[in-house]
Amino acid sequence: NDYNLKRLFRLIVRSRAYQLSSASNKTNRADRLNSSHALSRPLDAEILLDAICDVTGVPEVYDNWLHKKQGKGMAPRGSRAVQLKETDLYYSSFLDIYGRPNRFSVPEREGKVNLSQALHLLVGSSYNEKLWAEGGRIFEMFRQGASSEEIIHYLYLAAFSRFPTSGELEGLEKLIVQTPSREQALRDLQWAILSSREFAENH
């Protein structure tokens, strides 16, 4: 079709394989070979880091290893990980831990889950320092007096592209009320959403 990319994309997205659901049933739950359902997989490191920044509203700062001493090696504030062409030149503990792409090897990245990722999820700066940073979206909503329902709706739309179910909304509002500190409750809520499989996996 004369290299018509729009036609190619239409063909792909209308295919049965592309439209498979990640929901499984008793007969295909263990199937990994026959494309009976979509297999969820972790997001690439750059996509995940950018998504965390989008939901929290706190950008990541990248320093250039080679030019840091000259004071001109920092990527522009608000730069996205997927925009950094030479990602190996910019320091990021998150990208190192979650799999920085290496264009000189096949496959480009190591996609296996490891202990360092679990530890970074618990105490790493990419997650925890963004939860209550000045200028962050939930921090500002809290300061402006937004209700718990408004904050929960925002987080679900930003992270999952859907509204919470009535059961989720009711349960989360109860947990926020039961937590001694509302600030801590909102921190915990953000962390739970960012660490969930629904957020961190492509499914």
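Quick caveat, the model's predicted, so the values are computed rather than measured. (Residues numbered from 1 in each chain as written. Predicted model: local features only at pLDDT ≥ 70, side-chain atom pairs only at ≥ 80, totals over all residues. Heavy atoms only, no water.)

A look at the overall build of the protein chain
Step number 1: Each helix and strand in the protein chain was counted, giving 10 helices and 4 strands.
Step number 2: Starting at the N terminus and ending at the C terminus, the protein chain contains elements arranged as α-β-α-β-β-α-α-α-α-α-α-α-α-β.
Step number 3: When each of the 203 residues of the protein chain is scored for burial, the buried share is 34%.
Step number 4: Within the protein chain, residue pairs in contact and separated by at least 24 positions form 53% of the contacts whose partners lie at least 6 positions apart.
Step number 5: Accessible surface, the protein chain: about 13600 Å² in total, of which carbon and sulfur atoms supply 54%. (Helix = DSSP H or I, 4+ residues; strand = E, 2+ residues; numbered from the N terminus. Buried < 20%, exposed > 50% of the residue type's maximum accessible area, 1.4 Å probe, protein only. Contact = heavy atoms within 4.5 Å. Areas by Shrake-Rupley, 256 points an atom, 1.4 Å probe, with all protein chains shown as cover.)

Re helix α2 (residues 45-56)
Step number 1: The terminal C-alpha atoms of α2, which comprises 12 residues, lie 17 Å apart, in line with the 16 Å expected from a rise of 1.5 Å per residue.
Step number 2: The buried count for α2 comes to 10 of 12 residues, which makes it a mostly enclosed element.
Step number 3: Within α2, the full set of buried residues consists of Ala-45, Glu-46, Leu-48, Leu-49, Asp-50, Ala-51, Ile-52, Cys-53, Val-55 and Thr-56.
Step number 4: On its buried face, α2 sits against α3 (93-98), α5 (125-128), α6 (137-143), α7 (148-160), α9 (182-194) and α10 (197-200).
Step number 5: Looking at the residues trailing α2, positive phi occurs at Gly-57, about 80°. (Expected span 1.5 Å × (residues − 1).)

Points about the pattern of salt bridges
Step number 1: For the structure shown, the criterion picks out 9 salt bridges.
Step number 2: Taking the shortest distance from any N to any O, the salt bridge between Arg-143 and Glu-134 comes out at 4.0 Å.
Step number 3: The exposed category is assigned to Glu-134, whose relative accessible area is 66%.
Step number 4: Glu-140 is paired through a salt bridge with Arg-143; the nearest N and O atoms lie 3.0 Å apart. Separated by 3 residues within a single helix, Glu-140 and Arg-143 lie in helix α6, roughly one turn from each other.
Step number 5: Residues joined in a network through salt bridges with shared partners are Glu-134, Glu-140 and Arg-143. (Salt bridge = Lys/Arg side-chain N within 4 Å of Asp/Glu carboxyl O.)

A word on the packing of aromatic side chains
Step number 1: All told, the structure shown has 5 aromatic pairs when counted by the stated rule.
Step number 2: Considering the side-chain rings of Phe-94 and Tyr-98, the 4.3 Å spacing of their centres and the 15° angle between planes classify their relative orientation as stacked. Of the two residues, Phe-94 and Tyr-98 both sit in helix α3, 4 residues apart, roughly one turn of that helix.
Step number 3: Judged by relative accessible area, which is 15%, Tyr-98 ranks as buried.
Step number 4: Three or more aromatic residues link up through ring pairs in this structure, and these residues are Phe-94, Tyr-98 and Tyr-127. (Phe/Tyr/Trp six-rings, centres within 6.5 Å; stacked < 30°, edge-to-face > 60°.)

A look at the environment of Pro-101
Step number 1: Within the secondary structure, Pro-101 is located in the loop between α3 and α4 (115-123).
Step number 2: With a relative accessible area of 17%, Pro-101 lands in the buried category.
Step number 3: Note: C-alpha distance between Pro-101 and Asp-44 (57 residues apart in sequence) is 8.9 Å.

Some words on a positive patch on the surface
Step number 1: On the surface, Lys-6, Arg-7, Arg-10 and Arg-14 cluster together into a patch of positive charge.
Step number 2: Inspection of the secondary structure assignment puts Arg-10 in helix α1 (residues 5-13). (Patch = residues over 30% accessible without salt bridge, like charges linked within 9 Å, V, L, I, M, F, W, Y side chains within 5 Å. Lys, Arg positive; Asp, Glu negative; His and termini not counted. Charge placed at Lys NZ, Arg CZ, Asp CG, Glu CD.)

A short note on the side chain of Gln-190
Step number 1: Relative to the assigned elements, Gln-190 resides in helix α9.
Step number 2: For Gln-190, the side chain forms a polar contact with the main-chain oxygen of Leu-131, separated by 2.7 Å.
Step number 3: With residues near it in sequence (within four places) discarded, Gln-190 still touches Thr-56, Leu-131, Trp-132, Ile-138 and Leu-155. (Polar contact = N/O pair within 3.5 Å; in protein donor to acceptor, adjacent residues only side chain to side chain.)

Some thoughts on the environment of Leu-49
Step number 1: Relative to the helices and strands, Leu-49 resides in helix α2.
Step number 2: For Leu-49, a relative accessible area of 0% corresponds to the buried category.
Step number 3: Leu-49 sits 45 residues away from Phe-94 along the chain, and the two C-alpha atoms are 7.5 Å apart.
Step number 4: In contact with Leu-49, not counting residues within four places along its chain, are Glu-60, Tyr-62, Ala-81, Ser-92, Phe-94, Leu-95 and Ser-126.

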